[in-house]
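# Architecture and fold: a report
The lines below spell out each chain.
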Amino acid sequence: MFKYYGIIQIEPRFMYLDCDPELARYYRKLASYAGINLIPQRINSHVSVIRTEELQPNQFLSKKYQEEVVEFFGNPEYIQNNGSHYWFRIISPRLEEIRLALGFTSQPIEILNDGRIFSHPFHWTFGRVSG
């Protein structure tokens, strides 16, 4: 388990932790040795804190936590992917506190059309598949 830091960035309908782009570049380079060609995504190296899908249609995020430096922990030995993006799970008590203070669950979730709840635990996304 390693300790990392990121800086909170807030768009009107999305809050994320901006993470070290050089570490993300390093992880993408390691993936290339396994034949996986990864490139940066729109938001280069990040942890989603509050996803757009969690907000009500006319709900916007306050800038209260903008630029706050947040500590988190993760282990890049356990990389996961969905066929297009690569990440590893992280733990951050501070991100959970922020979500709870803003009236959200402690971890990002998605409520499906049939009412089921799908959890999206915090994770550091560092690349997407090229092409």
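Residues numbered from 1 in each chain as written. Predicted model: local features only at pLDDT ≥ 70, side-chain atom pairs only at ≥ 80, totals over all residues. Heavy atoms only, no water.

## Focus: the overall build of the protein chain
The helix and strand inventory of the protein chain stands at two helices and nine strands. Moving toward the C terminus, one meets the helices and strands of the protein chain in the order β-β-α-β-β-β-β-α-β-β-β. In summary, the protein chain has a C-alpha radius of gyration of 15 Å against a globular reference of 14 Å for 131 residues, a match within 12%. Projected onto its principal axes, the C-alpha positions of the protein chain cover 45 × 35 × 25 Å. (Helix = DSSP H or I, 4+ residues; strand = E, 2+ residues; numbered from the N terminus. Rg over C-alpha atoms; globule rule 2.2 N^0.38 Å.)

## A look at the packing of aromatic side chains
Centre distance and the angle of the planes are the two values used to describe a pair of aromatic rings. Within the structure shown, the criterion is met by 12 aromatic pairs. With centroids separated by 6.5 Å and ring planes inclined at 55°, the aromatic side chains of Phe2 and Tyr4 adopt a geometry described as tilted. Assessed through its relative accessible area of 46%, Phe2 is described here as partly exposed. Measuring from centroid to centroid gives 5.9 Å for Tyr27 and Trp124, while their planes differ by 80°, and the two rings are edge-to-face. Here Tyr27 is found in helix H1 (residues 21–33), whereas its partner Trp124 is found in strand S9 (residues 123–129), with 97 residues between them in sequence. (Phe/Tyr/Trp six-rings, centres within 6.5 Å; stacked < 30°, edge-to-face > 60°. Buried < 20%, exposed > 50% of the residue type's maximum accessible area, 1.4 Å probe, protein only.)

## As for the pattern of salt bridges
Opposite charge on two side chains makes pairing possible when the charged atoms of those side chains draw close. With the rule as written, the count across this model stands at eight salt bridges. The salt bridge partner of Glu53 is Arg51, with a shortest N-O separation of 3.6 Å. Residue Glu53 is classed as exposed on the basis of its relative accessible area of 55%. Between Glu68 and Arg94 there is a salt bridge, with the nearest N and O atoms lying 2.7 Å from each other. Of the two residues, Glu68 sits in the loop between strand S4 (46–50) and strand S5 (69–81) while Arg94 sits in helix H2 (residues 93–101), which places them 26 residues apart along the sequence. Owing to a relative accessible area of 22%, Glu68 belongs among the partly exposed residues under this scheme. Because the salt bridges share partners, they merge into one network encompassing Glu68, Arg94 and Glu97. (Salt bridge = Lys/Arg side-chain N within 4 Å of Asp/Glu carboxyl O.)

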